[in-house]
Amino acid sequence: MDEEKRLFGEIELIEDLVEKRFKEFKNFDIHSYPPYDHHFINHKNQKREPESTLAETIKKEWEMLEKNLPNSIFVRAYEERIDLMRAAIVGLEGTPYCHGLFFFDIFFPCSYPAKPPAIFYRSYNCDLNPHLAQNGKVSLNSDNWNPQQYHIMQVLISIQQQILIANPYNSDEGKSRKSNKEVFGLNCKAMLSILQFPPLQFKYLVEGFYRHRAHPILLIYRAEMKPEGDKITGQLFLKLVKAFEENGTYCGHHNSRVIKELVIRETSSLPQAEGGKDCSLFLLY
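In the annotation of an unreviewed UniProt entry, the entry for the chain reads Ubiquitin-conjugating enzyme, and the organism field reads Melia azedarach.

(A) Highlighting the packing of aromatic side chains. Across all of its chains, the model carries 13 aromatic pairs by this definition. With a centroid separation of 5.1 Å and 90 degrees between ring planes, the pair formed by F209 and Y210 is classed as edge-to-face. For the ring pair Y221 and F237, a centre distance of 5.5 Å and an interplane angle of 45 degrees mean the geometry is tilted. Of this pair, Y221 sits in helix 5 (residues 203-225) while F237 sits in helix 6 (residues 231-246), and the two are 16 residues apart along the sequence. Each residue in the set F25, F74, F103 and F202 is aromatic and connected to the rest through ring pairs, giving one cluster. The ring of F25 carries the charged tip of R76 above its face, separated from the ring centre by 4.0 Å.

(B) Examining the nonpolar core more closely. Counting residues in each nonpolar core, the largest one holds 38 residues, and the members touching the most others are V75, M85, F104 and I152. Where this core is concerned, the elements lending two or more residues are helix 2 (51-68), strand 2 (73-78), strand 3 (84-90), strand 4 (101-107), strand 5 (118-121), helix 3 (152-163) and helix 4 (180-196). In terms of residues, this core owes the most to one element, helix 3, which gives six residues. In this structure V75 touches N27, F28, D29, L65, L69, M85, R86, A87 and L156, once residues within four positions along its chain are discounted.

(C) Inspection of unusual backbone geometry at higher detail. Omega for the bond connecting Y112 with P113 falls within 30 degrees of zero, at 10 degrees, which places this linkage in the cis form. You will see that N125, though not glycine, has its phi angle at about 60 degrees, which is positive. Positionally, N125 belongs in the loop between strand 5 and helix 3. N125 gets classed as exposed once you look at its relative accessible area, which sits at 57%.

(D) Highlighting the environment of P147. Looking at the element boundaries, P147 is found in the loop between strand 5 and helix 3. Classification of P147 by relative accessible area gives partly exposed; the value is 30%. The sequence separation of P147 and P113 amounts to 34 residues, and the corresponding C-alpha distance is 5.2 Å. When sequence neighbours within four positions are dropped, the list of residues in contact with P147 reads P113 and A114.

(E) Spatial organisation of the sheet that holds strand 4. Pairing in this open sheet of five strands is mixed, and the strands run 1-2-3-4-5 from one edge to the other. Looking at the sheet topology across the chains shown, the edges are occupied by strand 1 (28-31) and strand 5. The sheet shows a mean angle of 20 degrees between the axes of neighbouring strands, direction not considered. With four bridges connecting them, strand 1 and strand 2 associate as parallel partners.

(F) Expanded view of the pairing of strand 2. Strand 2 sits mainly inside the fold: six of its six residues count as buried. What you see with strand 2 is no split at all: I73, V75 and A77 on one side and F74, R76 and Y78 on the other are buried throughout. Connecting strand 2 to the next strand, strand 3, in antiparallel fashion are five residues.

(G) Quick look at the pattern of salt bridges. All told, the structure shown has ten salt bridges when counted by the stated rule. In this structure, R86 and D105 form a salt bridge, with 2.7 Å as the shortest nitrogen-oxygen distance. Pair noted here: R86 is in strand 3 and D105 is in strand 4, with a separation of 19 residues, a long-range link. Look at D105 and you get buried, because its relative accessible area is 0%. Across the salt bridge formed by D127 and K178, the nearest N and O atoms sit 3.3 Å from each other. Separated by 51 residues along the polypeptide, D127 in the loop between strand 5 and helix 3 and K178 in the loop between helix 3 and helix 4 bring together distant segments of the chain. Residue classification places D127 among the partly exposed positions, given a relative accessible area of 26%. Residues participating in the shared-partner salt-bridge network are D37, R86, D105 and R122.

Cut-offs and rules
- Residues numbered from 1 in each chain as written.
- Predicted model: local features only at pLDDT ≥ 70, side-chain atom pairs only at ≥ 80, totals over all residues.
- Heavy atoms only, no water.
- Phe/Tyr/Trp six-rings, centres within 6.5 Å; stacked < 30°, edge-to-face > 60°.
- Helix = DSSP H or I, 4+ residues; strand = E, 2+ residues; numbered from the N terminus.
- Lys NZ or Arg CZ within 6 Å of the ring centre and 35° of its normal.
- Core = buried A, V, L, I, M, F, W, Y, C linked by side-chain atoms within 4.5 Å.
- Buried < 20%, exposed > 50% of the residue type's maximum accessible area, 1.4 Å probe, protein only.
- Contact = heavy atoms within 4.5 Å.
- Pairing = 2+ DSSP bridges.
- Axes fitted to C-alpha atoms, helices over the stretch in contact; angles between N-to-C directions.
- Salt bridge = Lys/Arg side-chain N within 4 Å of Asp/Glu carboxyl O.

Below is the structure:
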């Protein structure tokens, strides 16, 4: 009994820490150093002369971000590397990206704002938008870049409102098309990877965010993906439930008997383990 209380107390403490850090997580904050996993960590501005101008420009943008950044966008800047930023953008409701987190690493060249920043999308190997490539390339119309009008906050809002949109593949005739159902499924697949490997300095945002969004995500998944009738969507649903529960949200009531029966039925045709017991279900949940 004492052991159970001790373990329960430890779990409770961890959960309180996650909630506390999530509530304290600011939309904009400045760290001393960038994380080592930043895509542009090894990029350096070679020209020293314009550096003071770049610093002045970036610090003005820091002030703008701190005062005006939307609640659905989070940015980290760095005192020792003012030419780097990392941003997280929340997918908006009414789109197949809803309740998703999308991460971008940013590099400002010494010629900024005359030239646009370089942006790398952390795709987690999910191809879920025609303008966000799996290799990290972000397709923005940089030809129309106007240094007198554009700034990094506007770029981030444009990604959220003009790329992560309700029907991302409708206007891209020349590219492989995906339905919104497929895109939402890829969004959910990315969530699993993000929970397992959150970008550095965003761990508590990821954990707290998906604790609060777990139930809406599963409800949308049940309504849109119909996992009861399909093996692949059913398996992904079970993985989501498991990941959200491991992250601290009870989701057992979403895991309906229909889905369990689906998985049992599908796995019953596989070779059984020694002793006549099928162990494949336990690999899924």
